[in-house]
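As a plain string of letters, each chain reads:
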2 protein chains.
Amino acid sequence: MGDAVDVIISQWAEERPELEDDLWPVQVVGRLQRLGRYLEREIKAFAASHGLEMGELDVLTTLQRSGPPYELTAGQLVKASMVTSGAITNRIDRMEAKGLVERVRDEGDRRTVRMRLTERGSEITLAFMSEHLANEARILGGLSRAECAQLGDGLRKLLESLGDTSMS
Amino acid sequence: MGDAVDVIISQWAEERPELEDDLWPVQVVGRLQRLGRYLEREIKAFAASHGLEMGELDVLTTLQRSGPPYELTAGQLVKASMVTSGAITNRIDRMEAKGLVERVRDEGDRRTVRMRLTERGSEITLAFMSEHLANEARILGGLSRAECAQLGDGLRKLLESLGDTSMS
DNA sequence: GCTGATAATCTCAACGTTGAAATAAAAACA
DNA sequence: TGTTTTTATTTCAACGTTGAGATTATCAGC
């Protein structure tokens with residue numbers, strides 16, 4: 001008994017008793033929203049301390065983990081990052097100017113553009129990644145490994161039920 | 001075995017085997033980020049279908065659940081909503097123009113401004129709330145009530161460990 | 001009462017994203 | 001082959017938030 005969402009739920013139960021039986025989704029959705037904002041702030045600050053923007057970090061890690069030749073089309077990046085195509089174009093514009101990625105036009109299909117991680121982009125990503133993971137581990141410091149695994153299972157089930165497959 | 005985050009983790013393990021033992025935070029943090037974005041999109045669309053903006057919905061529900069006299073200071077709204085003071089000023093400006101809230105200068109301390117829910121704002125909020133809860137219940141449809149409770153407990157523990165008390 | 005420090009809100013330019021329209025290329029069909 | 005539809009990316013104005021600074025009011029110590 002005691003995070004902000006518990007307070008929110010009891011406030012509603014007090015103010016509108018007729019809603020009490022319908023408040024149960026808030027314990028999950030409300031907390032997911034709060035955690036989402038908290039994590040965004042935290043990771044944004046961590047990225048900024050390394051001279052990176054959150055969206056850039058997103059693109060860098062997506063390209064790096066895709067493996068050789070470290071290329072993805074703009075469309076693949078859109079699906080992977082859950083933002084619109086305009087945002088991806090914008091990110092790539094900035095990152096190309098910084099020398100982190102380069103655009104490579106596809107020979108077979110000249111509509112598609114592949115975004116390729118540069119040597120420099122890869123170095124920065126790998127240097128960043130282990131610290132990034134350590135930072136995430138710190139954020140989860142209040143939970144045991146077993147609790148993390150259990151929480152992860154619950155979140156996975158919810159994501160799966162929402163149709164969050166890898167690249168649909 | 002099968003949401004997008006499972007794929008991300010196995011991609012990293014393949015591309016950078018030396019990171020494998022440090023990837024465990026991703027199963028929680030990665031999923032929280034994806035769910036956060038998913039929920040944001042979903043709730044934003046639902047709010048828009050009722051002529052409301054997400055930030056406005058946030059202010060309306062915060063004021064309503066605070067109970068009579070349905071007033072909070074700008075500072076209290078900042079803490080409750082996890083956005084900056086500029087965003088709150090901006091939201092209240094718009095909502096005041098729409099007649100959803102009204103600014104009331106505090107008599108005792110003339111620095112503070114209370115944001116009061118209008119009659120119209122309250123009506124809209126209450127009409128919206130039960131549908132909003134039904135929508136959240138729909139989003140959680142893939143989980144049983146027991147699973148929701150368990151997931152909620154895990155999320156609460158994480159929030160508490162991050163210091164997310166009601167109004168600190 | 002002054003004075004300096006603290007607090008609450010507002011202002012505003014910069015930023016990244018959205019969403020719809022535009023462009024351009026490929027595929028499907030006649 | 002020519003035409004239509006679909007697909008991939010880019011463009012761009014509008015939008016809400018951020019973050020720092022400005023403003024105004026209160027408080028603490030003298």
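Residues numbered from 1 in each chain as written. Chains lettered and ligands numbered in written order. Predicted model: local features only at pLDDT ≥ 70, side-chain atom pairs only at ≥ 80, totals over all residues. Heavy atoms only, no water.

- Looking at an unreviewed UniProt entry, chain A carries the name MarR family transcriptional regulator, with the source organism given as Streptomyces gossypii.

Focus: the protein's contact with DNA strand D
Moving on, step 1. Neighbouring residues of DNA strand D: 22 residues in total, closest Gly75 and Arg111 of chain A together with Glu53, Asn90 and Arg91 of chain B.
Moving on, step 2. Restricting attention to atoms of DNA strand D within 4 Å of the protein, one finds that 71% of them are sugar or phosphate atoms.
Moving on, step 3. A distance of 3.2 Å separates a phosphate oxygen of DNA strand D from a polar atom in the backbone of alanine 74 of chain A.
Moving on, step 4. Here a phosphate oxygen of DNA strand D and a backbone polar atom of glycine 75 of chain A are 2.6 Å apart.
Moving on, step 5. Where the surface near DNA strand D is concerned, the elements lending two or more residues are helix 4 (74-81) and helix 5 (85-97) of chain A together with helix 5 (85-97) of chain B.
Moving on, step 6. It is helix 5 of chain B that provides the largest number of residues to the surface near DNA strand D, a total of five residues.
Moving on, step 7. Looking at the surface near DNA strand D residue by residue, the classes come out as four nonpolar, ten polar and eight charged. (Near = heavy atom within 4 Å. Polar contact = N/O pair within 3.5 Å; in protein donor to acceptor, adjacent residues only side chain to side chain. Helix = DSSP H or I, 4+ residues; strand = E, 2+ residues; numbered from the N terminus. Nonpolar A, V, L, I, M, F, W, Y, C, P; charged D, E, K, R; others polar.)

A few points about the interface of chain B and chain A
Moving on, step 1. Opposite the 73 residues of chain B that make contact, chain A presents 73 residues.
Moving on, step 2. Together chain B and chain A conceal approximately 7,300 Å² of surface at their shared face, both sides included; 67% is due to carbon and sulfur atoms.
Moving on, step 3. Applying the counting rule to chain B against chain A returns six salt bridges.
Moving on, step 4. Aspartate 6 of chain B is the salt-bridge partner of arginine 156 of chain A, the closest N and O atoms lying 2.7 Å from each other.
Moving on, step 5. Taken together, chain B and chain A are joined by 20 residue pairs in polar contact (both at pLDDT 80 or more). (Contact = heavy atoms within 4.5 Å. Buried area = accessible area lost by both parts, 1.4 Å probe. Salt bridge = Lys/Arg side-chain N within 4 Å of Asp/Glu carboxyl O.)

What about the relation of the copies chain B and chain A?
Moving on, step 1. Least-squares fitting of chain B to chain A yields an RMSD of 0.1 Å, with the superposition described by an axial translation of 0.0 Å and a rotation of 180°. Read as a symmetry element, the transformation amounts to a two-fold axis. Scanning chain B for the C-alpha nearest the rotation axis identifies glycine 36 of chain B, at a separation of 2.4 Å.
Moving on, step 2. Here 100% of the interface residues in chain B have copies in chain A that are interface residues too; the copies meet face to matching face. (Least-squares fit on C-alpha atoms with pLDDT ≥ 70 in both.)

Overview of the sheet that holds strand 3 (residues 113-117) of chain B
Strands pair in a sheet through their backbones, by hydrogen bonds, and they do so in one of two ways: parallel or antiparallel.
Residue and element names in this part refer to chain B.
Moving on, step 1. Strand order in the open sheet formed by three strands is 1-3-2, and the pairing between neighbours is antiparallel. Looking at the sheet topology across the chains shown, the edges are occupied by strand 1 (71-73) and strand 2 (101-105). On average, each strand axis in the sheet is inclined to that of its neighbour by 30°, with strand direction left out of account.
Moving on, step 2. Here strand 2 runs beside strand 3; their pairing, made up of five bridges, is antiparallel. Within the sheet, the bridge partner assigned to arginine 105 lies in strand 3 and is valine 113.
Moving on, step 3. The strands that helix 4 (residues 74-81) touches are strand 1 and strand 3; relative to strand 1, the one it contacts most, it runs at about 85°.
Moving on, step 4. Lying over the sheet, helix 5 contacts strand 2 and strand 3, oriented at roughly 115° with respect to strand 2. (Pairing = 2+ DSSP bridges. Axes fitted to C-alpha atoms, helices over the stretch in contact; angles between N-to-C directions.)

Regarding the domain arrangement of chain A
All names here are of chain A.
Moving on, step 1. Taken domain by domain, chain A consists of domain 1 (1-49) and domain 2 (52-168).
Moving on, step 2. Domain 1 and domain 2 are separated by 27 Å when their C-alpha centres are compared.
Moving on, step 3. Contact residues are listed per partner, giving ten residues for domain 1 and 13 residues for domain 2.
Moving on, step 4. Both sides together, the interface formed by domain 1 and domain 2 hides about 940 Å², and carbon and sulfur atoms give 78% of it.
Moving on, step 5. Of all residues in domain 1, the largest losses of buried area upon contact with domain 2 belong to Ile43, Phe46 and Ala47, amounting jointly to 58% of the total for that side.
Moving on, step 6. Seen at the junction of domain 1 and domain 2, the total is one salt bridge.
Moving on, step 7. Summed over the shared surface of domain 1 and domain 2, the number is three residue pairs in polar contact (both at pLDDT 80 or more).
Moving on, step 8. The class makeup of the residues in the side of domain 1 that touches domain 2 is seven nonpolar, no polar and three charged. (Domains from an automatic or database assignment.)

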